[in-house]
Amino acid sequence: MDKLIVNGQRNISGKISVQGSKNGALPILSACVLTKSQVILHNCPKLSDVYAALKILNELGCKTDWQGNSLIVDSRDASAYSISDELMREMRSSIVFFGALIGRFGLAEFSTPGGCEIGLRPIDLHIKVMEALGTEIKNENGRISAKAPNGLSANNYVFQFPSVGATENAILAAAVARGTTVLENCAREPEIADLADFLNSCGAKIKGAGEGTIVIDGVGSLHGTEYSIIPDRIVAATLLTAGAMNGGNIVVDNIVPSHMRPLIPVFLEMGCNINVGESWMELKAPKRLGRVKHVVTMPYPGFPTDAQAPIMAATTIASGTSVFTENIFECRFKHVPELIRFGANIKVEGRMAVVEGVRRLYASSVAAPDLRGGASLLLAALAADGLSEISNVHHIDRGYENIENVLNQIGADVRRM
Ligand code: UD1
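Residues numbered from 1 in each chain as written. Predicted model: local features only at pLDDT ≥ 70, side-chain atom pairs only at ≥ 80, totals over all residues. Heavy atoms only, no water.

1. What about the packing of aromatic side chains?
Applying the stated criterion to the full structure yields 4 aromatic pairs. A ring pair is formed by Phe-98 and Phe-110, whose centres lie 4.8 Å apart and whose planes are at 55°; its orientation type is tilted. Pair noted here: Phe-98 is in helix α4 (residues 97–105) and Phe-110 is in strand β6 (residues 107–111), with a separation of 12 residues, a long-range link. Side by side, Phe-98 and Phe-110 carry an identical accessibility label, which is buried. Geometry around Trp-66 places Lys-46 over its ring, the cationic atom sitting 5.0 Å from the centre. (Phe/Tyr/Trp six-rings, centres within 6.5 Å; stacked < 30°, edge-to-face > 60°. Helix = DSSP H or I, 4+ residues; strand = E, 2+ residues; numbered from the N terminus. Buried < 20%, exposed > 50% of the residue type's maximum accessible area, 1.4 Å probe, protein only. Lys NZ or Arg CZ within 6 Å of the ring centre and 35° of its normal.)

Here it is in structure tokens:
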């Protein structure tokens, strides 16, 4: 099992290019199944979650091949419509293959993803919208079999909650359904628009993705394409936070600045100076970070739940009291006991965490509890006095490509063991 050894309190400054988006790549990899052709994806991040999606594609009969940072997916010979329990467990976001499988084969088989480190992860919203699009679904002891014997048919559907994954599955299925589907109360995350842009470049007719209402004219078939995945806004936020916590002047490059809008007010409230260019954002840290009065996680364009843990790490050394309310996932404070090991002062009450900023953090030995929680521990270790050790790095590797190399390029001292 890999560990990261972090020599803290180095100045984190400089310009760094941001990897492609994990949450953008995963639904697009699933969408490749729908195309029945060859797709070239640029800016695809090399992450364990992406490798898990490639295993699924291979299990379905697709060919995959890396050429540098570009990935070629050929789904012409795909013939299987079943995802093994083992691969479903490896990555719970595999549920996003549902819409593509049913769209391509009229059949899909997979296991319910089950709970994980951050919450229960039910799939009721996915099931309901797929039923509305003409799918018959059976759940036998956690194994789902779905079929659309008469093909998928368009419908008007209002999501009870703007689930990212359920919106993506609905787009995938409706893209090839008969007729025009209108989806309302959709998730508005940039990764939804990325999926729609990809599908449109394959011949789909999707309008409004990234807004609450999405209108999809089903098309008979899709063709191959060459497409570049959007940059990862959560990785960008993590790197900016590293600069903010370590007196830095940092520029994240190759980003889409508008995707960072929900985060900017928080950095400003902490006293950071922000400059934004066409494809970059610069953060200059103050002498000491100020507290953030109240961080409330919400669906986009609200503050992202994926940035809650990283920003909490920053508030542990801010002057004053910061309050966090986690509205999206039930158990997303598992990093708190580990942050406390660095000397942070945090109290959790249900979905709320109260952070009293301390003057300094001390090196510690901690275990990453989940992906973003792991990132928050890495941030704490970068700001702590001394040599820290982070275990369970596989969680961090799910979403951060070569994290130690990236951080070392901007002044950190991180080694993998
Ligand atoms: C996606 C992101 C994840 C991010 C999350 C919220 C990917 C691969 N992952 O996850 O990084 O944290 O959006 O921005 O893109 N829910 C239900 N029933 C369902 C589906 C969801 O109750 O059928 C609940 C979930 O348990 C959770 C909330 O809705 O509490 C949000 O989930 P959702 O938006 O679906 O997140 P994901 O697509 O799983």
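2. What about the pairing of strand β18 (residues 321–325)?
Judged by how many residues are buried, β18 sits mostly within the fold: 4 of 5 residues are covered. As paired strands, strand β17 (residues 294–296) and β18 are joined by 3 bridges and run parallel to one another. The partner of Val-295 across the bridge, within β18, is Phe-324. Between β17 and its parallel partner β18, the chain crosses via helix α10 (residues 308–315), and the hand of that crossover is right-handed. Inspection of the sheet shows β18 paired to strand β20 (residues 352–356) by 5 bridges, in the antiparallel sense. Along β20, the bridge assignment pairs Thr-321 with Glu-356. (Pairing = 2+ DSSP bridges. Right-handed = clockwise from strand over helix to strand, strands pointing away.)

3. Some words on the layout of surface pockets
Each pocket or cavity is described by its volume, and for the second largest pocket that value is around 310 Å³. Every residue lining the second largest pocket is counted, 17 residues in all, and those nearest its centre are Met-245, Asn-246, Gly-247, Lys-287 and Ile-317. The class makeup of the residues in the lining of the second largest pocket is 8 nonpolar, 4 polar and 5 charged. (1 Å grid on protein atoms, 1.4 Å probe; cavity = no way out; pocket = protein on both sides within 12 Å on 5 of 7 lines; lining within 4 Å. Points joined across faces, edges and corners; volume = space filled by probe spheres on them. Nonpolar A, V, L, I, M, F, W, Y, C, P; charged D, E, K, R; others polar.)

4. Thoughts on the sheet that holds strand β16 (residues 280–284)
Pairing is mixed in the open sheet, where 4 strands are placed in the order β2-β14-β16-β15. Strands with a single pairing partner mark the edges of an open sheet, and in this sheet they are β2 (14–17) and β15 (273–276). Averaged over all pairs of adjacent strands, the angle between strand axes in this sheet comes to 15°, irrespective of strand direction. Across the sheet, helix α8 (residues 233–245) touches β2, β14 (249–253) and β16, and the angle it forms with β14 is around 170°. (Axes fitted to C-alpha atoms, helices over the stretch in contact; angles between N-to-C directions. Contact = heavy atoms within 4.5 Å.)

5. What to know about the state of the cysteines
Enumeration over the complete set of coordinates arrives at 0 disulfides. With no disulfide of its own, Cys-44 has Cys-32 as its nearest cysteine by sulfur position, at a separation of 8.8 Å. Among the residues examined, Cys-44 registers a relative accessible area of 2% and is labelled buried. (Disulfide = S-S within 2.5 Å.)

6. Observations concerning the site of the ligand
Looking at the ligand, there are 19 residues lining it, with Asp-124, Leu-125, Ser-163, Asp-306 and Ile-328 nearest. Between the ligand and Asn-23, the relevant distance is 3.0 Å, taken from an oxygen atom to a side-chain nitrogen or oxygen of the residue. For the ligand, whose free accessible area comes to 740 Å², the fraction covered by protein is 85%. Of all the secondary structure elements, the ones that give two or more residues to the shell around the ligand are α5 (124–132) and α6 (164–175). Partitioned by chemical class, the residues of the shell around the ligand number 7 nonpolar, 6 polar and 6 charged. (Near = heavy atom within 4 Å. Polar contact = N/O pair within 3.5 Å; in protein donor to acceptor, adjacent residues only side chain to side chain. Areas by Shrake-Rupley, 256 points an atom, 1.4 Å probe, with all protein chains shown as cover.)

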